Amino acid sequence: MMKLTLPDGSVKEFDSGASAYDLAKSISPRLAKDSIAARVNGELYDLKRPIETDSTVSIITTGTEEGKDVFWHSSTHLMAQAVKRLYPEAKLGIGPTVEGGFYYDIYTDESISIDDLGKIEDEMRKISKSDFQVSRSELSKEEALEFFKKENEDFKVELINDLPENETITAYTQGEFTDLCRGPHVASTGALRHFKLLNVAAAYWRGDEKNQSLQRIYGVSFPKKKQLDEHLFMLEEAKKRDHKKLGKQLKLFSFHAESPAMPFWHPMGMRLLNQLIDYWKEIHFRHGYEEVRSPFILDESLWHRSGHWDNYKENMYFTQFDEREFAVKPMNCPGHCLIFDNEKHSYKELPIKYAELGIVHRHERSGVTNGLFRVRHITQDDAHVYCTPEQIEAEIVKVMDLVEEIYSNFGFNDYNIELSTRPEKSIGSDEIWEKAETALANALNSKGMKFVINEGDGAFYGPKIDFHIKDALGRSWQCGTIQLDFSMPERFDLKYVGQDGSEHTPVMIHRAILGSLERFIGILIEHHGGDFPSWFAPVQVGIIPVSDKYEDFAKEVNDKLVRSGIRVKFDNRSEKVGYKIREGELEKIRYLLVIGENEVNSDVFSIRVRHSKELLKMTAEDFISHIQQEIKNKN
RNA sequence: GUCUACGUAGCUCAGUAGGUAGAGCACAUCCUUGGUAAGGAUGAGGUCAUCGGUUCAAAUCCGAUCGUAGGCUCCA
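Rules of the game
Residues numbered from 1 in each chain as written. Chains lettered and ligands numbered in written order. Predicted model: local features only at pLDDT ≥ 70, side-chain atom pairs only at ≥ 80, totals over all residues. Heavy atoms only, no water. Axes fitted to C-alpha atoms, helices over the stretch in contact; angles between N-to-C directions. Helix = DSSP H or I, 4+ residues; strand = E, 2+ residues; numbered from the N terminus. Parallel < 35°, antiparallel > 145°, perpendicular 65-115°, else oblique. Left-handed = near helix turned anticlockwise from the far one by under 90°. Contact = heavy atoms within 4.5 Å. Phe/Tyr/Trp six-rings, centres within 6.5 Å; stacked < 30°, edge-to-face > 60°. Buried < 20%, exposed > 50% of the residue type's maximum accessible area, 1.4 Å probe, protein only. Lys NZ or Arg CZ within 6 Å of the ring centre and 35° of its normal. Patch = residues over 30% accessible without salt bridge, like charges linked within 9 Å, V, L, I, M, F, W, Y side chains within 5 Å. Areas by Shrake-Rupley, 256 points an atom, 1.4 Å probe, with all protein chains shown as cover. Salt bridge = Lys/Arg side-chain N within 4 Å of Asp/Glu carboxyl O. Pairing = 2+ DSSP bridges. 1 Å grid on protein atoms, 1.4 Å probe; cavity = no way out; pocket = protein on both sides within 12 Å on 5 of 7 lines; lining within 4 Å. Points joined across faces, edges and corners; volume = space filled by probe spheres on them. Nonpolar A, V, L, I, M, F, W, Y, C, P; charged D, E, K, R; others polar. Near = heavy atom within 4 Å. Polar contact = N/O pair within 3.5 Å; in protein donor to acceptor, adjacent residues only side chain to side chain.

S.K.: What should I look at first to understand the packing of helix H9 (residues 267–286) against helix H16 (residues 517–528) in this one?
M.R.: The geometry of a pair of packed helices is captured by two quantities: the angle between their axes and the separation between those axes. Running from N to C, H9 and H16 cross one another at 110°; their axes reach a closest spacing of 11 Å. The angle between H9 and H16 falls in the class roughly perpendicular. Relative to H16, the crossing made by H9 is right-handed. Residues Leu272, Leu273, Leu276 and Ile277 of H9 form the contact with H16, whose own contacting residues are Leu517, Phe520 and Ile521.

Set out below in structure tokens:
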């Protein structure tokens, strides 16, 4: 007999060799059904792998992140098996899970196109129907090498060669197919019934462009058909909400070959941008920031001094005149340092907070730009907090409070935090980095924020906290960042006079909350699908006179709204009502007022509300205060 | 940077034995003054991304360049 300890501390006895599945069954049939793998003494186990001795066991169910991972991992094996059947010469790279599904990198002689995915899915279905047992086997390194060499799996051989000598290597077999894998996996291929292959793309072996280019096939799968359908619906929805598409439809912005990856804002898009800017200025002023502005073009020597020359040159634009070399700023920090250094500061003034909606240019490599999400002309909602070392934590907490307030104003109440540490290319001593990283972690802990560590992903001058917001479709976007910097103040020889009368070097906190206005607007467009909340919408109300006869009266209503600060579109074209309503709907205007005989004769207006079947009946005064209330509440 | 795909009117897209372009919407003019998602007629609009090659002939085949998309790598 052996004792299995459950997560709640209770203990159950089983014959040695019983599995986690036996345990799950003994607890409830429901749990047995939902279980997919287990953690035994911390190690991942297949559900039906025998447990030999007393252990601590927790069951992994399909609903959890770990469970999803197992399910997708098994699905990628299923896909690989199907590909190997259809393309016997295929060589397998790696097949991990990612956010939103799984992929497998595969080398094939003939290229696989998106049109081939259907037949791979068909083959997957066959394998699923065959319901092969998925069995685990342990191999020595030699055995594993011998096996995969025989199979001509060159990439697998390379992977095995890189494993330590004494490592126990595991492989999983289903039917005729065996793959190198740590596991765990579902018990049989019949468990994998609802899947969809989504895309093919190229990827380099081990992510290195010098290596062989492989075909990456992406897919997704779920235990239940309903879940798969919902997921596919979300993907469709995301396509519909594509901000590049909506940007064109709603006439917000455009891109032109004359200035690749730099947006041109059209009047309606400019309204969005200005709305965001007004909001941003107001809230920053309220939080003790002072706005500053620094030039776009600064002498090259400044960038040597700041460290950008050595660490950021590839991303910078340069220009030359009067026989001097200048650089177009990719960041605002050096400019702000010059402002700080322009006068002598007392410790009593600190923290000094310089904010700038800084327009910076970064030469992003071609191929990485993407609509508003990744541009070369970036409006950062930048600010630099100069403070004493003692103030660091409190100031970082204040920035996090502001982050919280701003995100919640936009309805982003769910966000993840990452702490990124020292990258390879960086400036400053180890001690300084250590100190900075600790300070950031302390601030996060003192605010009770959960975060994950992102090793080696910091800025070149300091570690950073990144904020990733979740949009309406559950997608995650990196926006805010807080970066702690001990180096740049030193490089610029910044000083403040302390209480002791001597000079000290301040600490600098770089921070952006929206990230870039361009990206943030892109996110908002997709988050709302173009249906902006009243406070943000370029057009809040559309007015549609039934015919020219009512134009004068409609104009009066229009003016009344405009005087109340409401953004109105007055559509007095001589078109039919239905036609103008259709256009207003396509423009996603939230409120449409049709004005004709009825309105002339009564105080009550019939207001068409977007996404609502019923007309709102209100007087002009009530309607104005209704909208004003919405604007105030930001909904 | 790199892989794959794409680039035809303002927009969405047709257009493969290679024979100098077509639809709908939008736009202009006229008729229609219309009550909650498209009224009608007429018209204008394109060096088929750019450059070069093959050919009697190129939107169509080939190459290069530019741009865009989806990846990889990178990143706000």
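Here the narrative resumes, following the displayed structure.
S.K.: Sorry, what's going on with the packing of aromatic side chains here?
M.R.: For any pair of aromatic rings, the description rests on two quantities: the centre-to-centre distance and the angle between the ring planes. Applying the stated criterion across every chain yields a total of 24 aromatic pairs. Judged by centre distance (5.8 Å) and plane angle (65°), the ring pair of Tyr354 and Tyr386 falls under edge-to-face. With Tyr354 in strand E21 (residues 352–361) and Tyr386 in strand E22 (residues 377–387), the pair connects residues that are 32 residues apart, well separated along the chain. The two residues Tyr354 and Tyr386 agree in class, both being buried. Among the aromatic residues, those joined into a cluster by ring pairs are Tyr279, Phe410, Phe412, Phe520, Phe532, Trp535 and Phe536. In this structure, Arg49 packs its charged tip against the face of Tyr45, placed 3.8 Å from the ring centre. Note that Lys353 overlies the ring of Tyr289, its terminal NZ or CZ placed 5.2 Å from the centroid.

S.K.: Sorry, what's going on with a nonpolar patch on the surface here?
M.R.: A cluster of nonpolar residues, Phe296, Ile297 and Phe321, forms a patch on the protein surface that exposes about 260 Å² of accessible area. The topology assignment puts Phe321 in strand E18 (residues 317–321). Phe321 sits in the partly exposed class, given a relative accessible area of 36%.

S.K.: I would appreciate a short explanation of the sheet that holds strand E10 (residues 169–174) in the present structure.
M.R.: Strand pairing in a sheet relies on backbone hydrogen bonds, with the paired strands running either antiparallel or parallel. Read across the sheet, three strands follow the order E9-E10-E11 without closing on themselves; strand pairing throughout is antiparallel. Two strands bound the open sheet, and with one partner strand each, they are strand E9 (134–139) and strand E11 (177–180). Going across the sheet, the axis of each strand differs from the next one's by a mean of 25°, ignoring polarity. Bridging between E10 and E11 involves four bridges; their strand directions are antiparallel. In the sheet register, Ala171 faces E11, and the bridge partner there is Leu180.

S.K.: Can you help me understand empty space enclosed by the protein in this one?
M.R.: With the rule as written, the count across this model stands at one cavity of 30 Å³ or more. Reported here for the largest cavity is a volume of approximately 50 Å³. Taken together, Gly542, Ile543, Ile544, Lys569, Asp571, Lys580, Gly584, Glu587, Ile589 and Leu592 make up the full set of residues lining the largest cavity. Contributing elements (two or more residues each) for the lining of the largest cavity: strand E30 (541–545) and helix H18 (577–586). Its residues placed into classes, the lining of the largest cavity shows four nonpolar, two polar and four charged.

S.K.: Would you mind showing me how to read the protein's contact with RNA strand B here?
M.R.: Near RNA strand B, the surroundings consist of 53 residues, among which Tyr204, Ser366, Val546, Arg582 and Glu597 are the closest. Taking all atoms of RNA strand B within 4 Å of the protein, the share assigned to sugar and phosphate is 47%. Between RNA strand B and the protein, one listed contact pairs a sugar or linking oxygen with a side-chain N or O atom of Tyr218 at 3.0 Å. Take Val546: an N or O atom from its main chain is 2.4 Å from a base nitrogen of RNA strand B. For the surface near RNA strand B, the secondary-structure elements that each account for two or more residues are strand E12 (194–204), strand E13 (213–222), helix H8 (243–249), strand E26 (476–485), strand E29 (507–516), H18, helix H19 (597–601) and strand E33 (604–609).

S.K.: Even after reading the chapter, I still don't get the pattern of salt bridges, so can you show me in this structure?
M.R.: Oppositely charged side chains can pair when the atoms bearing their charge come close. In this structure the tally under the stated criterion is 45 salt bridges. Arg136 is the partner of Asp46 in a salt bridge, and the nearest nitrogen-oxygen pair spans 3.9 Å. Taken as a pair, Asp46 in strand E4 (residues 43–46) and Arg136 in strand E9 lie far apart in primary sequence, 90 residues in all. According to the relative accessible area criterion, Arg136 is partly exposed, its value standing at 26%. Of the charged contacts, one joins Arg590 and Glu630 as a salt bridge, the two residues approaching to 3.0 Å between their closest N and O atoms. Taken together, the residues span a long stretch of sequence, with Arg590 in the loop between H18 and strand E32 (591–595) and Glu630 in helix H20 (residues 620–633) at a distance of 40 residues. For Arg590, a relative accessible area of 24% corresponds to the partly exposed category. Taking relative accessible area as the criterion, Glu630 reaches 9% and is therefore assigned buried. Shared partners join several salt bridges into a network, and the residues in it are Asp46, Arg49, Arg136 and Glu138.

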